[in-house]
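# Overview (structure and organization)
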Number of protein chains: 2
Amino acid sequence: MRRSRYFLPTLKETPAEAQIVSHRLMLRAGLVRQHAAGIYNWLPMGYRVLDNIKRIVEQEQDRTGAIEILMPTIQSAEFWKESGRYEDYGREMLRITDRHEREMLYGPTNEEAVTDIVRQTVKSYKDLPLNLYHIQWKFRDEVRPRFGVMRGREFLMKDGYSFDLDEEAGRRAYHKMFVSYLKTFQRLGLKAIPMRAETGPIGGNLSHEFLILAETGESQVFCHRSLLEKSIPEDVDYDADLEPVVADWTGVYAATDEMHDAAKEAELGDDLITARGIEVGHIFFFNTKYSAPMKAEVVGPDGATGPLYMGSYGIGVSRLVGAIIEASHDEAGIIWPESVAPFRVGLINLKVGDAATDNAAGDLYRRLQAAGVTVLYDDRDERAGVKFADMDLIGLPWQVIVGPKGVAAGQVEVKNRRTGEREEMPLAGVVARFASSH
Amino acid sequence: MRRSRYFLPTLKETPAEAQIVSHRLMLRAGLVRQHAAGIYNWLPMGYRVLDNIKRIVEQEQDRTGAIEILMPTIQSAEFWKESGRYEDYGREMLRITDRHEREMLYGPTNEEAVTDIVRQTVKSYKDLPLNLYHIQWKFRDEVRPRFGVMRGREFLMKDGYSFDLDEEAGRRAYHKMFVSYLKTFQRLGLKAIPMRAETGPIGGNLSHEFLILAETGESQVFCHRSLLEKSIPEDVDYDADLEPVVADWTGVYAATDEMHDAAKEAELGDDLITARGIEVGHIFFFNTKYSAPMKAEVVGPDGATGPLYMGSYGIGVSRLVGAIIEASHDEAGIIWPESVAPFRVGLINLKVGDAATDNAAGDLYRRLQAAGVTVLYDDRDERAGVKFADMDLIGLPWQVIVGPKGVAAGQVEVKNRRTGEREEMPLAGVVARFASSH
C-alpha cells in the first residue's frame, strides 16, 4: 500500500480523553476514531489488525473441531425469558422495542440463541460432540465506557458453545478450549495466564479467565513465576485427552484478586508475582443451566432423553487490539507482533523526487508485494524525521530505509522495530530476506 | 470437512413459511435458521458462502483503490440530525435509547457516520480522491419481513463512500464503482444489469441499480436483449477514464418499472426483454448533500475551502446468497457457482464400513485437502439415495463418488452438478483434475 493513497490519519498530539497507553496510541496511530461514547470506527490499519486477530482465532478454533456460524446481533427477548436471564441481566443489556412493540435486545452474549439452534436440530447423541462458535459484534451498555476499545460498549467477541451428552464429555470439551486458548494467545504474541474465576451472569461452577500481565490491567493478579515460562507446543492433538495439560497449568498457583488466598503469599515467597492483569478470554462450564429450562435434549445410546451439557468460551477480539498494545509498545509507539501486524514491512523513501531513490524504492515495493510480503510504502514528500517518527509510532515489525547515498552504493538499511537493531544490507537481498522468513 | 463431524442440518420437508425458492432451499440445505422475524442465524455452510461473497467483494473493491474500514452498527442520532435525515427516515429505522437516555439507532446506512470521520481527518485536496468502504450488519425494521434473507431486517451490506474535490472527480469515482460492480457480480456468477434508478432516501440525482433477472424478482424490468451478452474484461485499469465503458453499458435501453418509458416497447420490439429483477447493488452520486450540512470541507489547490463531492455505493452481501440461488438452482436443489461454493467437491463414500472403499475415499479426502481443494466428505453410514439427494440439494459444483466396484477397478465417478454430466475416471487422476483447474 502506498501511504500517499492510503487513509492513515496519525496525530502528533495525544488526545486529552485517553487515559491509558493503548487508547492514546490507537488514536495517535490512526487505528480508530470514536463515533460515540464507547463506540468506535475502525480505520484501515486498525481494521487490518482486527482482521488478522480474527483469522488466528478462527484457525485455532477450527483446529479443535469447533465449527463457525454467525448469529445475529439483535435477539428476541423471548429466549432470555425462557432461560430466566431477561430480568437478571440489568442495565448493561441494550433493550430495544421494534415497530411492532416486540421486545428485542442487542446480544451481550449468545447462550440462549445458540441453545435455540441446537434444540431445533440436534436430537441424538450421534450428533455430538458439537462446538459452535461465532465472531460477532456485541453490545454492553457500560455506565462509564473508557480505555478506548478495552472497555467499549460495542465490541467484537468470539463466543463458542459446546454441547455434550454428559458431564465427563463436557469437561473434555472444556479442556480442549482451555488448551486452544493458550495456543491462540501464544500465536498472538501474548503470554496469557489462566486463573480460576467467578462465573457471574453466565453461571456454572467451573470457569477460568485468561489474563495477560500489563501495568494498566484492570485487576490485581497473583501467580507463580514459573507460569511465565510455560508454553504450548505448536502441534496439539485435540483428539487426545488434554486433562494432563490442563492439570499442568492449573497445578501452579494463579489467582485474580477475587479468588486470591492470602496464605499463599508467605508460602510462595519470591516465587509469587503480583501484577496487574487484562482479561482477554473467559471460559465456563455450566452443565445444564440453559439446556434444562430451554429443553435442549438428546436421546442417548441407552434410549433415554436428557439435557445437553454445555460450556461457553469467549475471546475479546477487539479488546485484544488494545491488550496487545498494552503488552507491546515503547516510548516511540506500538510494536506489533509479526502475527498481527497490519503490514510486515514499512518501506521509507528518504528522498521522494530523486529519480534513483524513487526507482529503487518503487522497485522494492513492487517486488516485495509480488513475493507476498505486506508493505506500507511511505512515498510522501515529507521530511525524514516525520517519516521515522510516524513509522515508529505505527509499529510495523520491520523498516526498510532507502536513501540516495545507500542507493548509490546498492545498500539499504533494515531496522527491527522491537530491538532497534539496524543493519545495512544489499538492495538485491531485501526481497529474499523477507519472503523466506515468516 | 467430514460430514459426520459437521453441523449441516438438512430438511426433507419444505418449511411452510417459505414462499420463494431461495428461502426454501436455504432452509432445506441447512444454510440458515430463523432467529426471529427477518433475523437469521447463518449455519456453517451458509456462513462459508457469505464469507466467500464477502471476500470477492473486498478484492474487487480493493482493486479500485477503495480502502476498507469498519464502522459500528450502533450510531448516535446526533449525526442524523445534522444531515436532516433523522425525522425523515421513518419507521424502518430502529431507534434505541441507551441507559443515559441518549438517542441512538441501528445504522440502516452510513452516509452520516463516514462523513463525520472524513470531516475530522481530511483537510486538503491532496488527500483526495478517497473511497472508504465497509462490510457491516445493517438493520431496517421492515413492516413485513419475508423471502428469507432477501428481505430480512438484519442484513450484511457493503457500503462505500467516495469523496472528491469537485463534481467531475466525483463522477470519475462513480464510474469506477459502476465498472467494479459489474465485475464483482460477474465473478459471483451473476449477470447483473445496470438501470437508472430513483434515489429515494439517499438523495442526489444520479443513481443506478444493478439487477439480476430471476422469476421471483421483486420488480418488473425492461431491457435490450444485447445487455445479456455483455461482459467486463478481467483486467480493468481503474486509473483510466472509465466513462466510455459506462456509456457503452448505459447507451442501451434498460429500466425498472418506475423509470420505464412505454414508447420503447414498440421501438425495440423483439429486442426488448420484459422480466423480473432482483436488486443486488445500488450506487448514488449526490454531490454535497451530506458534506454541506455536516461541513466536510477541504482546501483546494486555489486555497479556497469547499464541501466534498460524495457518492455512495451499496452491495447486498447477505441478499446475494439468496439472489444467487434464485438465479442458479434446479428441481433437486442449489447449484453454486464455483466462486462462492461452500466446498468445491462433495466426496461420497457409497459403502461406509467396507475397508477398501473407506480407505480409497479417506485417502482421496486427505489428498484433495492437501492440494488445497475444499471438500465435504460424506462419510455417514446412510443409504446411497439419501447421500445423492443431499449432495444435489446442497449444490456443490462437483461430486466424486467412490463405491466398492469402482475401487476394485481403480475408478471413481465424477459428476458435474450443473450439467449433470457423469464421467468415470481413474482414482489416481482425481487430485490432479481438481488441483489444476480452478
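Residues numbered from 1 in each chain as written. Chains lettered and ligands numbered in written order. Predicted model: local features only at pLDDT ≥ 70, side-chain atom pairs only at ≥ 80, totals over all residues. Heavy atoms only, no water.

## Digging into the UniProt feature "domain: Aminoacyl-transfer RNA synthetases class-II family profile" (unreviewed entry) in chain A
According to UniProt, the positions carrying the feature "domain: Aminoacyl-transfer RNA synthetases class-II family profile" (unreviewed entry) are residues 38-337 of chain A. Its end C-alpha atoms 26 Å apart, residues 38-337 of chain A is made of 29% helix and 31% strand. (UniProt positions renumbered as here; feature names shortened; annotations may be inferred. Helix = DSSP H or I, 4+ residues; strand = E, 2+ residues; numbered from the N terminus.)

## Some points on the domain arrangement of chain A
All names here are of chain A. When cut into domains, chain A gives domain 1 (3-334) and domain 2 (345-434). At the interface, 16 residues of domain 1 touch 13 residues of domain 2. Contact between domain 1 and domain 2 buries roughly 1,200 Å² in total, counting both sides, with carbon and sulfur atoms accounting for 53%. Contact with domain 2 buries surface across domain 1, with Arg3, Ala332 and Ile334 losing the most and accounting together for 45% of the total. Where domain 1 touches domain 2, the interface holds two salt bridges. Residue Arg417 is joined to Asp330 by a salt bridge in which the shortest nitrogen-to-oxygen separation is 2.8 Å. In this assembly, domain 1 and domain 2 are joined by nine residue pairs in polar contact (both at pLDDT 80 or more). Elements that contribute at least two residues to the side of domain 1 that touches domain 2 include exactly helix H1 (21-28), helix H2 (44-63) and strand E18 (333-334). For the side of domain 1 that touches domain 2, a count of residues per class yields eight nonpolar, four polar and four charged. (Domains from an automatic or database assignment. Contact = heavy atoms within 4.5 Å. Buried area = accessible area lost by both parts, 1.4 Å probe. Salt bridge = Lys/Arg side-chain N within 4 Å of Asp/Glu carboxyl O. Polar contact = N/O pair within 3.5 Å; in protein donor to acceptor, adjacent residues only side chain to side chain. Nonpolar A, V, L, I, M, F, W, Y, C, P; charged D, E, K, R; others polar.)

## Examining the interface of chain B and chain A
Contacts between the two partners involve 57 residues from chain B, matched on the other side by 58 residues from chain A. Put simply, A:Asp98 and B:Arg153 hold a salt bridge, and the shortest N to O gap is 2.9 Å. At the surface where chain B touches chain A, the tally comes to 22 residue pairs in polar contact (both at pLDDT 80 or more). Here the side of chain B that touches chain A is composed, by residue class, of 31 nonpolar, 11 polar and 15 charged.

## Some points on the sheet that holds strand E5 (residues 94-97) of chain A
Residue and element names in this part refer to chain A. Pairing within the open sheet is antiparallel, and its three strands lie in the order E4-E6-E5. In this open sheet, the two strands that pair with only one neighbour each are strand E4 (74-76) and E5. Strand after strand, the sheet turns through a mean of 35° between neighbouring axes, direction not considered. (Pairing = 2+ DSSP bridges. Axes fitted to C-alpha atoms, helices over the stretch in contact; angles between N-to-C directions.)

## Brief notes about the relation of the copies chain B and chain A
Once chain B is rotated about the relating axis by 180° and shifted along it by 0.0 Å, it coincides with chain A to within an RMSD of 0.0 Å. Viewed as a symmetry operation, the transformation between the two copies matches a two-fold axis. Relative to the rotation axis, the C-alpha of B:Ile96 is the closest in chain B, positioned 3.0 Å from it. A share of 100% of interface residues in chain B that are also interface residues in chain A marks the association as one of identical surfaces. (Least-squares fit on C-alpha atoms with pLDDT ≥ 70 in both.)

## Examining the pattern of salt bridges
Counted by the stated rule, this structure contains 64 salt bridges over all chains. For B:Arg119, the salt bridge identified is with B:Asp116, shortest N-O distance 3.0 Å. Residue B:Arg119 and its partner B:Asp116 are located together in helix H4 (residues 111-121), separated by three residues, close to a single helical turn. Judged by its relative accessible area of 5%, B:Asp116 is buried. One network of salt bridges, with partners in common, ties together A:Glu60, A:Arg63, A:Lys183, A:Arg187 and A:Glu234. (Buried < 20%, exposed > 50% of the residue type's maximum accessible area, 1.4 Å probe, protein only.)

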